[in-house]
Amino acid sequence: MKREASSGNMVEWCLPQDIDLEGVEFKSMASGSHKIQSDFIYFRKGPFFGLACFANMPVESELERGARMKSVGILSPSYTLLYRYMHFLENQVRHQLETPGHYSHLAAFYEDKKGVLCASPGSGGSLPPVYWLPSIHRYMYPEMKITHPAGCMSQFIKFFGEQILILWKFALLRKRILIFSPPPVGVVCYRVYCCCCLANVSLPGIGGTVPESKPFFYVNVADIQSLEVEVSYVACTTEKIFEEKRELYDVYVDNQNVKTHHDHLQPLLKINGADREKYRRLNEQRQMLLYSQEVEDDYNPCEEDLFVLFFLEQNNRIFQTLLEVSASQDKTLTAEHARGMGLDPQGDRSFLMDLLEAYGIDVMLVIDNPCCP
């Protein structure tokens, strides 16, 4: 799939020709892209994930208003496949800018990869399912290695700092999280991915009552109707108008500023002592990993594995405790339980109450609230 924006966004060429690409011309080139030279963008179209590479080249043409802008992209039911083809797409968008109208490389790519990319037009209700990672297992690690560039998680940690613990809580509660940033949007799409990685749980019986944590990646005003019916998602946008549409999101992230318009979620915006301790432990483990990588030649886990496992283990510890308490005779969750889960009995009281409600866990919270007599 390829697109240009000389006289407005339009799909110029695609294979297969009978696939529904309505709206893709806006999803594959972010609003504001005319201000930058190149970018990449992840998005969703129905049951598919998309990756497009964008480039902008100055030309001496009044018809093209002095600039030729194109995107070349692919759709696949599996997000984990897309990063493999980033280099090809970057080369092809440059090729399309320099020699417009020559699609033979793209056609050959489609013929070679269509069995892998699994695009099945005209199959009605039998479209392939969307694959994501509701839980992490060892056999998934090889696939995860190709979903993002090295350093994606460390950039996420450096960018948000302690606030990743705020995002972690909202992600675990399956809130609708919208991240705003001006272009380039590629790195912001990776923040969407990292945010979803915060909420993995691998315990059986957990998560059946809550919606899947969905990465929508880039969204624009054309997605408003579909976002209106979503109860949980993580997405990013370059369009500031979304901030005014509060009914579409629970949490709005403007660069590094995390905020919510819901009064009952306000307490979750405060960093507490347990959050700082978790952040300290995460950084300590990262430093130990960097040291071990310097002194050992053998294979050892990468930082991405460490990041995912850190939050997976944290989440499992919380839910293991909650399940044990719910199976006990008195079903009483105490301050000692909260501390054992790595939570602040007072600072995380609101988070715990929301968590119990969201996951339908039957326990009685008996942590005193010092603000109330």
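Residues numbered from 1 in each chain as written. Predicted model: local features only at pLDDT ≥ 70, side-chain atom pairs only at ≥ 80, totals over all residues. Heavy atoms only, no water.

Asks: Sorry, what's going on with the packing of helix H10 (residues 273-295) against helix H11 (residues 303-327) here?
Replies: When two helices pack together, their arrangement is captured by the angle between the axes and the distance separating the axes. Contact geometry of H10 with H11 gives a least axis separation of 10 Å together with a crossing angle of 145°. When you trace H10 past H11, the crossing you get is right-handed. Mapping the contact onto sequence places Lys278, Arg281, Leu282, Gln285, Arg286 and Leu289 in H10 and Glu303, Leu306, Phe310, Phe311, Gln314 and Arg317 in H11. Residue composition of the contact of H10 with H11, grouped by class: 5 nonpolar, 2 polar and 5 charged. (Axes fitted to C-alpha atoms, helices over the stretch in contact; angles between N-to-C directions. Helix = DSSP H or I, 4+ residues; strand = E, 2+ residues; numbered from the N terminus. Left-handed = near helix turned anticlockwise from the far one by under 90°. Contact = heavy atoms within 4.5 Å. Nonpolar A, V, L, I, M, F, W, Y, C, P; charged D, E, K, R; others polar.)

Asks: What should I look at first to understand the packing of helix H6 (residues 152-160) against H11 in this one?
Replies: As a packed pair, H6 and H11 sit with axes 7 Å apart at the nearest point and diverge in direction by 60°. When the interaxial angle is binned, H6 and H11 end up oblique. Mapping the contact onto sequence places Cys152, Met153, Ser154, Phe156 and Ile157 in H6 and Glu303, Glu304, Phe307 and Val308 in H11. The class makeup of the residues in the contact of H6 with H11 is 6 nonpolar, 1 polar and 2 charged. (Parallel < 35°, antiparallel > 145°, perpendicular 65-115°, else oblique.)

Asks: I tried to follow helix H8 (residues 186-197) on my own but got confused; where do I start?
Replies: In an α-helix, one turn spans 3.6 residues; hence positions three or four apart end up facing the same way. Helix length check: H8 (12 residues) gives 17 Å between terminal C-alpha atoms against 16 Å at 1.5 Å per residue, within 8%. Buried residues dominate H8, accounting for 11 of its 12 residues. Listed in full, the buried residues belonging to H8 are Gly186, Val188, Cys189, Tyr190, Arg191, Val192, Tyr193, Cys194, Cys195, Cys196 and Cys197. (Expected span 1.5 Å × (residues − 1). Buried < 20%, exposed > 50% of the residue type's maximum accessible area, 1.4 Å probe, protein only.)

Asks: Help me understand the side chain of aspartate 354, please; the structure alone is not making it clear to me.
Replies: Of note, aspartate 354 is situated in helix H13 (residues 349-359). Of the side chains bearing the opposite charge, lysine 175 lies closest to the buried aspartate 354, which forms no salt bridge; the N-O distance is 5.8 Å. Those residues in contact with aspartate 354 that sit more than four places away from it in its chain are Leu173, His264, Leu265 and Leu268. (Lys, Arg positive; Asp, Glu negative; His and termini not counted. Salt bridge = Lys/Arg side-chain N within 4 Å of Asp/Glu carboxyl O.)

Asks: What is the right way to look at the nonpolar core in this model?
Replies: In globular proteins that are soluble, nonpolar side chains generally tend to be buried together. With 98 residues, the main nonpolar core has Tyr42, Phe319 and Leu322 as its most contacted residues. The residues touching leucine 322, leaving out its near neighbours within four places in the chain, are Leu333, Met341, Leu352, Leu355, Leu356, Ile361 and Val363. With 12 residues, the next largest nonpolar core counts Phe216, Ile224, Phe242 and Leu248 among its residues. (Core = buried A, V, L, I, M, F, W, Y, C linked by side-chain atoms within 4.5 Å.)

Asks: Could you clarify how one ought to interpret the pattern of salt bridges in this entry?
Replies: One side chain can pair with another of opposite charge once the charged atoms of both are near each other. For the coordinates displayed, the defined rule picks out 16 salt bridges. Put simply, aspartate 348 and lysine 169 hold a salt bridge, and the shortest N to O gap is 2.6 Å. In this pair, aspartate 348 is assigned in the loop between helix H12 (335-340) and H13 and lysine 169 in helix H7 (residues 164-172), connecting sequence segments 179 residues apart. Considered together, aspartate 348 and lysine 169 belong to a single accessibility category, that of buried residues. Through salt bridges that share partners, Lys169, Asp275, Lys278 and Asp348 make up one connected network.

Asks: In this structure, what is going on with the environment of leucine 269? I would like to understand it.
Replies: With respect to the helices and strands, leucine 269 occurs in the loop between strand E10 (257-260) and H10. Placed 102 residues apart in sequence, leucine 269 and leucine 167 show a C-alpha to C-alpha distance of 8.9 Å. Setting aside residues no more than four positions away along its own chain, leucine 269 makes contact with Ile166, Phe170, Val258, Lys259 and Thr260.

Asks: Explain the pairing of strand E3 (residues 38-45) to me, please; I cannot follow it from the model alone.
Replies: Both faces of the sheet carry side chains from a regular strand, because those side chains alternate between them. Burial within E3 is extensive, with 7 of its 8 residues counted as buried. Here E3 pairs with strand E4 (residues 48-58) via 8 bridges, running antiparallel. By the bridge assignment, serine 38 is partnered in E4 with alanine 55. Hairpin connection, E3 to E4: the antiparallel pair is bridged by 2 residues, and glycine 46 has positive phi, about 60°. (Pairing = 2+ DSSP bridges.)

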